[in-house]
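A look at the structure
Take a look at the letters that make up each chain.
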Amino acid sequence: MFWVLLLLLAWAVAGTACTRLCLAAVRTAAVDADAGRGHDLTLYEAAFLSGGPARVADLTLVSMARQRRLLLAHTGWATVVDPRGRDEMERSVIGAIGPEGQSRIAPVRSATADTDAVRSLGEGLVRAGLAVPDAAARTTVASGVRQVRAAALAVFGLGVVALTLPAPTEMPRDLVAVWFALPLTLTLSCLAIARVEVHPYSRWASPAGLRLLGTLHRRANRTADDHSLLASVAVRGIRAIGEPELRAAFAHRDQLPRE
């Protein structure tokens, strides 16, 4: 009856892994349900949730350029017109351009994305449950899925061992296989349900953050003012810019300056 011990071990492995995955999914759903209530996204927050720190830098550059406080030339250079930043993001851009007041867009964009102001913005969104942290519920759920997959393989392996045991048993081998098929079915069903029910995450935004982004995008599409244009840039990136010269300036952003 050694196969019974293997069966109990299979049930223990399958039950533990599936329980952990279910608990992680429930915790994630509870966090997502409470996150974002009453939160009205700023443009900087929308930019971070849509494209991360680099999108925040792009939005800040475009916003300052449209207010004529920063000149973005079609050659890929940024020139400071008004050195007084109105918020931390603008001051970060001005600081990244440097004391000479002129720099290529690519290093400005990179330096701005790595400033404390952008990091603080991201940390605030994580605390609000709108952004995906480095080790959060997404990782927990993903870890749970991996554990269930491993449990399915372990159950299958234990079943194979039980069927190939040389020791005599009163239980027919096909019935032994049926008993091991039960925990295996449990793990496979749990994986199938997780694939359908567990909310997807983007690179930066949690499901709650994605919902708020969708609301912001719909509002932006209903109007055509400057705020709506910046909202489109925040959500869609620089491809939402309508001005050809401004688009040309960002076309050089990934090119290295010539020596």
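In short, a report on the structure. Model, not experiment: these values are computed from the prediction. (Residues numbered from 1 in each chain as written. Predicted model: local features only at pLDDT ≥ 70, side-chain atom pairs only at ≥ 80, totals over all residues. Heavy atoms only, no water.)

**Let's talk about the packing of helix α2 (residues 43–66) against helix α4 (residues 105–113)**
Where α2 meets α4, the closest approach of the two axes is 8 Å, and the angle between their N-to-C directions is 120°. When the axes of α2 and α4 are compared, the pair comes out oblique. The handedness of the crossing between α2 and α4 comes out as right-handed. Each of Pro53, Ala54, Ala57, Asp58 and Leu61 in α2 lies in contact with α4, whose residues at this interface are Ile105, Val108, Arg109, Thr112 and Ala113. Class assignment for the residues of the contact of α2 with α4 results in seven nonpolar, one polar and two charged. (Axes fitted to C-alpha atoms, helices over the stretch in contact; angles between N-to-C directions. Helix = DSSP H or I, 4+ residues; strand = E, 2+ residues; numbered from the N terminus. Parallel < 35°, antiparallel > 145°, perpendicular 65-115°, else oblique. Left-handed = near helix turned anticlockwise from the far one by under 90°. Contact = heavy atoms within 4.5 Å. Nonpolar A, V, L, I, M, F, W, Y, C, P; charged D, E, K, R; others polar.)

**What to know about helix α10 (residues 244–251)**
Among the residues of α10, those classed as buried are Leu246, Ala249 and Phe250. Buried residues in α10, looked at end-on, bunch into an arc of 90°, giving them a common side. Turned more than 90 degrees from where α10 packs its buried face, Pro244, Glu245 and Ala251 sit exposed. (Buried < 20%, exposed > 50% of the residue type's maximum accessible area, 1.4 Å probe, protein only. Arc of directions from axis to C-beta.)

**Description of the nonpolar core**
With 45 residues, the main nonpolar core has Leu49, Val56, Leu59, Leu61, Leu70, Leu72 and Phe250 as its most contacted residues. Sort the elements by how many residues they give to this core and α2 lands first, with twelve residues. Each residue touching leucine 61, except ones within four places of it in the same chain, is listed here: Leu70, Leu72, Val93, Ile105, Val108 and Phe250. (Core = buried A, V, L, I, M, F, W, Y, C linked by side-chain atoms within 4.5 Å.)

**A word on the environment of alanine 131**
Topologically, alanine 131 is positioned in the loop between α5 (116–127) and α6 (137–163). Between the C-alpha atom of alanine 131 and that of glycine 52, which follows or precedes it by 79 residues, the distance is 9.6 Å. Discounting residues that sit within four places of it in the chain, alanine 131 has contacts with Phe48, Leu49, Gly122, Leu125, Val126, Trp204, Ala205 and Ser206.

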